[in-house]
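Tertiary structure, described
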Amino acid sequence: MATQPTSKPQPFEEFCRETFNPKKEFAKPEVLKGYRVLSCTQYILGPSCASYLAELGAEVIKIEAPRRGEAMRHTTPFNEPFLYPLSKWVPERGTGLGFLGANPNEYFVSIDFHRPEGQALVKKLAAKSDVFVENYRPGTFDRWGIGYRQLKEINPRLIYCWLGGFGGWGPGRVRASYDILGQSQGGNFGMTGKQEFLGGAPAKHTIWLADYWGGMMGATQVLAALYWRDHVSGEGTFTEYSQVHGVTRQLEYALPLYGKHGITRERWGNWDTQLCVHGIIKCGKSSYPQSENPQEMEEGYVLISAYADKDFARLCKAIGDTTLAGKYAKADIRVKPEGQMEIYPALEKWAADKTKEQVAAIMDANSIINQPVWNAKEVANNPHWNERGALRWLDDPTYGELLHQAPAYKMSATPPRLKWALKPVGADNDYIFGKLAGLTPDDIKRLEDQECI
Ligand SMILES: CC(C)(COP(=O)(O)OP(=O)(O)OC[C@H]1O[C@@H](n2cnc3c(N)ncnc32)[C@H](O)[C@@H]1OP(=O)(O)O)[C@@H](O)C(=O)NCCC(=O)NCCS
């Protein structure tokens, strides 16, 4: 039998490049198109939850206090009025940079939740929505008459996602919570930071990790509840997410270790309690000696991972150290504190006359996993992440040219996408209230004049 000529299969890299091409995102459908989400959210925890759904194509309507908007617009600096206008009613104020990244792709309306007419408007919107997200103190919306119990009477299919600090019940429930508090009470800061003998103390993360992670957990809850409603029960759900509990959920083995052995996991800084070498070392030479940025003029840092015995042997060879190679050939000896306290300083001594790039090149040449610690400038200029569309120069309708991060995952048939970064408070009052609440331009003008919207 004659054999058919076989065509060469497309290389996997080419398959991925074509399948996930960022330039073709807008030609494909959006997976959550047709779902409507009301986002009565503030700061980062609630907003990020809603914005993850907006990245997937849901119509997300952010509702803020009239004129001033939500607190996050005022909490961080760089709120130049001409760059990031707050609202047409408050032209002398801008929106702080902290707001960026947490509210993309959304429509922006304003409602005063205290006023009966405002509450009636929320109910009208909720009647036509699938999801309601809020992150106020427990029971705030219930007190205003627009919480889950009231809204489900109007729309039994509504999924109500409440994100808070400590949950809706229990003795610790009423306090205010922020990312930093969540990480502190949840147990994270108790083991983050430099070691005691290196003069360390608990360290906070620079980014709002508990907020953005919590937002993602909230979005996961919403997707599960939509599945439950649309494929199983036909009914809505009330979901609760506690920011503090969310941090505790991430504590890895710290709780089992304490529970079984009574051992409290301690801070171990840029090293690792389970693996050695698996940490960050200092390189004595700056990569940017001419920079005017003092932090860049400092020495650099690089991550090295060579915890398997054979990798550690190669690392010792690469740095020309036979003593360490012999003394710490075995992982269980290396990982002990005394071992780490000798190995990491030896690595830093070797790297004292090198930049992080020079160290990385030597590690690469010896097949040792490594990565220079990059700053935002280095990430922004990285060709790999640029080609993959992880970063985008947006031609934002409100703010013009803007560098922005894009969704961190890809979907072949229904890619998530970035449309715009943010808008001023109440920018979509006409569009949304006209479309969903049947308000005329005169109604809208009257309510805006009264600061009800
Ligand atoms: C963030 C937090 C500390 C703010 O606390 P707070 O402002 O004291 O209390 P609430 O969030 O319940 O907000 C109530 C106030 O919001 C104001 N408000 C905000 N938007 C409003 C609007 N559109 N209309 C009317 N009032 C509004 C009112 O002044 C209201 O005051 P009132 O209680 O007198 O009616 C609190 O909401 C919280 O702990 N949230 C859960 C955790 C969280 O998400 N933290 C932020 C992320 S780090």
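Further up the page is the structure itself.
Quick summary incoming for the structure in this document. (Residues numbered from 1 in each chain as written. Predicted model: local features only at pLDDT ≥ 70, side-chain atom pairs only at ≥ 80, totals over all residues. Heavy atoms only, no water.)

If you tally the helices and strands in the chain, you get 20 helices and 13 strands. Counting every position in the chain, which comprises 453 residues, the buried fraction comes to 45%. Look at the contacts in the chain between residues 6 or more apart in sequence, and 68% of them connect residues 24 or more apart. Accessible area for the chain stands at about 23900 Å²; split by element, carbon and sulfur atoms hold 57% of it. Within the chain, one finds 53 positive and 53 negative side-chain charges whose respective centroids are separated by 3 Å. (Helix = DSSP H or I, 4+ residues; strand = E, 2+ residues; numbered from the N terminus. Buried < 20%, exposed > 50% of the residue type's maximum accessible area, 1.4 Å probe, protein only. Contact = heavy atoms within 4.5 Å. Areas by Shrake-Rupley, 256 points an atom, 1.4 Å probe, with all protein chains shown as cover. Lys, Arg positive; Asp, Glu negative; His and termini not counted. Charge placed at Lys NZ, Arg CZ, Asp CG, Glu CD.)

Let's shift gears to the nonpolar core. One finds Ile-63, Ile-111, Phe-113, Leu-125, Phe-132, Phe-141 and Phe-433 to be the most contacted residues of the largest nonpolar core, which totals 30 residues. Put simply, the parts of the chain that give this core at least two residues each are strand 1 (36-40), strand 2 (59-64), helix 4 (116-127), helix 6 (148-154), strand 7 (159-164), helix 19 (429-437) and helix 20 (441-449). Not counting the four nearest positions on each side in its chain, Leu-125 is found in contact with Leu-38, Ile-63, Ile-111, Ile-432, Phe-433 and Leu-436. Val-277, Cys-283, Ala-318 and Ile-368 belong to the second-largest nonpolar core, a separate cluster that totals 24 residues. (Core = buried A, V, L, I, M, F, W, Y, C linked by side-chain atoms within 4.5 Å.)

Here we take up the pairing of strand 12 (residues 391-396). Where strand 12 and strand 13 (residues 400-405) come together, 6 bridges link them in antiparallel fashion. Paired with Leu-394 across the two strands is Leu-402, which belongs to strand 13. Counted between consecutive antiparallel strands, the loop separating strand 12 from strand 13 contains 3 residues. (Pairing = 2+ DSSP bridges.)

Within the fold, Thr-19 resides in helix 1 (residues 12-19). A residue is classified by how much of its surface remains accessible, and Thr-19, at 17% relative accessible area, is buried. Within polar-contact distance, the side chain of Thr-19 engages the backbone oxygen of Phe-15 at 2.5 Å. Apart from residues no more than four positions distant in its own chain, Thr-19 is found in contact with Lys-28 and Ser-412. (Polar contact = N/O pair within 3.5 Å; in protein donor to acceptor, adjacent residues only side chain to side chain.)

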